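# Topology and contacts: notes
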Amino acid sequence: MADYQIDQVSDKELKFGYWLLTHKDKLKKWLIYALACWCVLTISYSLYGFINHFIEESQWSKILPSFTAAQLDFTAYRERHRPQPLEFLEPTVIYSGANKYDFVIRVKNPNKQWLVRELMYQFQSGDYTSPTQTAALLPEQELYLLSLANFSPRRLNQLQLKVLDLQWQGSYLLLSLPEINFVTSAVDFSASQSGNNYRAVWSATNQTIYNFREVDWQVILYSGRRIVGVNQVRIEEFLSGQTREITASWFKKLPQVSKALALPLVKILDPTVIYQSPGQVELPY
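Residues numbered from 1 in each chain as written. Predicted model: local features only at pLDDT ≥ 70, side-chain atom pairs only at ≥ 80, totals over all residues. Heavy atoms only, no water.

### Comments concerning the overall build of the protein
- A count of helical and extended segments in the protein gives 2 helices and 16 strands.
- The 285 residues of the protein split such that 29% are buried.
- Restricting the contact set of the protein to residue pairs at least 6 apart, pairs at least 24 apart contribute 69%.
- Counting every atom, the protein has about 19600 Å² of accessible surface; 55% of that belongs to carbon and sulfur. (Helix = DSSP H or I, 4+ residues; strand = E, 2+ residues; numbered from the N terminus. Buried < 20%, exposed > 50% of the residue type's maximum accessible area, 1.4 Å probe, protein only. Contact = heavy atoms within 4.5 Å. Areas by Shrake-Rupley, 256 points an atom, 1.4 Å probe, with all protein chains shown as cover.)

This is the structure we're talking about:
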């Protein structure tokens, strides 16, 4: 019998090897049982998942139509939050002499949350079209659109306003704009002794902290409810705290005037309308 010499193998390793040889059949059975249990568990979990999926799918098929019906109607939302149209009164034609005509129409922005950044317009009477002009309206502001000294050798009667462009903007822009706070006196309207020269005089005080490079003033003359005269004058360098006397004149015969209005117009959306005097503390705008 040959002698075998086993080097570097401990008694513990020999015992473990002997145990494996004597228990290999049992180990195979345990492994088979473990794999079978694993298969049963995974198959059971998969079956549970499939069954649960079909149950939930039937429930979702009942719920989803209600979600679809409850979707937000974006069209209706936009309709509710879109700006309301501007409100225009009937335009008026005023003959100012020497084949010249003044056109005027009153307009109001009825919106609290929208301002008109730019309104581009023309007046048209027959085949005559006035020069293109622009205006801006703050929320709930009312003003007059004017076109003065339109020359036409043909008499102009019927008048209509043509809006060429209208740009709306949310009123959040007002948070960055300077305030307008002009205090005006009543308009003193008077006629010369000859009756062919009229003057409207009033005073205005700039009670804001801003200096305005220029301010236009619209002067509207009424006889009862009818507009019989319009004019527009400009003052420059209207300083903070300053009081100015302003005059508008007419050199033609006018009907009896019962009321005269003087309304300021500031290009508030133009940042260059504000300026600082030398040595003045810089103001935010």
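So much for the structure itself; the text now carries on.
### Focus on the packing of aromatic side chains
- Considering all chains together, one arrives at 10 aromatic pairs under this definition.
- Ring centres 6.2 Å apart and planes at 35° place the aromatic pair F182 and W217 in the tilted group. Of the two residues, F182 is situated in strand 9 (residues 182–184) and W217 in strand 12 (residues 211–223); the sequence distance between them amounts to 35 residues. As far as the burial class goes, F182 and W217 line up, both buried.
- Each residue in the set F182, W202, F212, W217 and F238 is aromatic and connected to the rest through ring pairs, giving one cluster.
- Directly above the aromatic system of Y95 lies the positively charged group of R155, at a separation of 5.9 Å from the ring centroid.
- Here the basic side chain of K259 rests over the ring of Y222, its NZ or CZ set 4.8 Å away from the ring centre. (Phe/Tyr/Trp six-rings, centres within 6.5 Å; stacked < 30°, edge-to-face > 60°. Lys NZ or Arg CZ within 6 Å of the ring centre and 35° of its normal.)

### Focus on unusual backbone geometry
- Phi at E140 takes a positive value of approximately 60°, unusual for a residue other than glycine.
- For E140, the position within the fold is in the loop between strand 6 (133–137) and strand 7 (142–151).
- One non-glycine residue with positive phi stands out, namely A149, at about 55°.
- Following the sequence through the fold, A149 ends up in strand 7.

### Let's talk about the nonpolar core
- Counting residues in each nonpolar core, the largest one holds 30 residues, and the members touching the most others are W202, F212, V215, W217, L221 and W250.
- Those elements that provide at least two residues to this core are strand 11 (198–206), strand 12, strand 13 (226–238), strand 14 (243–250) and strand 15 (259–265).
- In terms of residue count, strand 12 provides more of this core than any other element does, 5 residues in total.
- Those residues in contact with F212, other than ones at most four positions away along the chain, are E179, I180, F182, N206, E237, F238, V266, V273, I274 and Y275.
- One finds F103, V107, V116 and L143 within the second-largest nonpolar core, a separate group that totals 16 residues. (Core = buried A, V, L, I, M, F, W, Y, C linked by side-chain atoms within 4.5 Å.)

### Observations regarding a nonpolar patch on the surface
- A surface patch of nonpolar side chains, about 620 Å² in accessible area, is lined by F16, W19, W30, I32 and Y33.
- Along the polypeptide, W30 turns up in helix 1 (residues 11–69). (Patch = residues over 30% accessible without salt bridge, like charges linked within 9 Å, V, L, I, M, F, W, Y side chains within 5 Å. Salt bridge = Lys/Arg side-chain N within 4 Å of Asp/Glu carboxyl O.)

### Some remarks on the pairing of strand 10 (residues 188–191)
- Where strand 10 and strand 11 come together, 4 bridges link them in antiparallel fashion. Bridge assignment links A191 to a residue of strand 11, and that residue is Y198.
- Turn length for the strand 10-strand 11 hairpin, with the two strands adjacent in sequence and antiparallel, is 6 residues, and the turn residue G195 shows positive phi of about 80°. (Pairing = 2+ DSSP bridges.)

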